[in-house]
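# Secondary and tertiary structure notes
Here is what each chain is made of, one letter per residue.
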Amino acid sequence: MSLRQFARASAPLFGLRHNAPLVGSSIARSYSTVIEGLKYMQSHEWAKVEGDIATVGITDHAQAELGDVVYVELPEVGSTVTHKATFGVVESVKAASDVYSPISGEVLAINDDLADSPGKVNDGAYGEGWMMKIKMSNPAELDDLMDATQYEAACEQ
């Protein structure tokens with residue numbers, strides 16, 4: 001059992017939350033959060049599926065590796081994205097990285113807040129740092145994605 005799995009299993013026994021954010025960016029980024037119920041790509045994007053809509057962003061692991069995000073480029077609302085194809089770019093103080101869509105479909109919404117506050121990706125990769133909402137055209141593509149346990153194992157390799 002990894003230390004992360006032990007901490008996740010033991011935290012409730014002591015009245016602690018295993019996913020509580022830590023104070024200080026360098027400490028908080030040394031431990032990446034993985035959320036049950038989301039679908040993950042090997043390239044560190046996530047999808048939260050609600051009906052035929054998928055909310056998409058980059059994982060906590062990805063934002064931690066990138067460092068402070070300074071710019072996010074997203075597709076236009078109404079455009080079409082394709083499974084495993086580039087839909088945007090995230091630039092940080094360290095690097096620029098393409099971002100890939102975990103699912104095909106029509107972009108229904110983008111997180112306009114990221115234009116003025118790209119650091120929201122660092123502050124809450126699974127929350128206020130979401131990137132786009134997609135009306136899925138082929139939900140079967142979700143079968144190609146990893147669950148939380150599989151993604152966590154992939155990150156530990």
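Structure: above.
Residues numbered from 1 in each chain as written. Predicted model: local features only at pLDDT ≥ 70, side-chain atom pairs only at ≥ 80, totals over all residues. Heavy atoms only, no water.

Check the secondary structure of the protein chain and you find six helices and nine strands. For the protein chain, the proportion of its 157 residues judged to be buried stands at 44%. Put simply, 63% of the contacts in the protein chain that link residues at least 6 apart link residues at least 24 apart. Surface accessibility of the protein chain: about 8,400 Å² in total, with carbon and sulfur atoms responsible for 52%. (Helix = DSSP H or I, 4+ residues; strand = E, 2+ residues; numbered from the N terminus. Buried < 20%, exposed > 50% of the residue type's maximum accessible area, 1.4 Å probe, protein only. Contact = heavy atoms within 4.5 Å. Areas by Shrake-Rupley, 256 points an atom, 1.4 Å probe, with all protein chains shown as cover.)

This next bit is on helix H6 (residues 148-156). Within H6 the residues assigned to the buried category are Ala148, Tyr151, Glu152, Ala154 and Cys155. Mapping the buried residues of H6 onto a view down its axis gives an arc of 160°, with all of them on the same face. Regarding H6, its N-cap is aspartate 147, as a side-chain oxygen of that residue lies 3.1 Å from the backbone nitrogen of threonine 149 further along. (Arc of directions from axis to C-beta. Polar contact = N/O pair within 3.5 Å; in protein donor to acceptor, adjacent residues only side chain to side chain.)

Taking strand neighbours across the sheet as the criterion, the six strands line up as S1-S2-S3-S9-S8-S5 in an open arrangement whose pairing is antiparallel. On the outer flanks of this sheet lie strand S1 (39-40) and strand S5 (80-81), each paired with one strand and no other. Relative to strand S3 (residues 53-58), strand S2 (residues 45-50) runs antiparallel, the two being bridged by six bridges. Bridge pairing in S3 links tryptophan 46 to glycine 57. (Pairing = 2+ DSSP bridges.)

Moving on: the nonpolar core. Core analysis: the biggest nonpolar cluster contains 25 residues, and Ile58, Val72, Leu74, Phe87, Val121, Met131 and Met132 have the highest contact counts within it. Those elements that provide at least two residues to this core are S3, helix H3 (60-66), strand S4 (69-73), strand S6 (86-92), strand S8 (105-110) and strand S9 (132-136). Leaving out residues up to four positions away in the same chain, phenylalanine 87 has contacts with Val56, Glu73, Leu74, Pro75, Val81, Val99, Tyr100, Ser101, Met131 and Met132. In this structure, Leu38, Tyr40, Ala154 and Cys155 belong to the second largest nonpolar core, which totals 11 residues. (Core = buried A, V, L, I, M, F, W, Y, C linked by side-chain atoms within 4.5 Å.)

Moving on to the side chain of asparagine 111. For asparagine 111, the location among the structural elements is in the loop between S8 and helix H4 (113-116). Within the local environment of asparagine 111, its side chain forms a polar contact with the backbone oxygen of glutamate 128, the two atoms lying 2.9 Å apart. Among all residues touching asparagine 111, those that are not within four sequence positions of it are Leu74, Glu128, Gly129, Trp130 and Met131.

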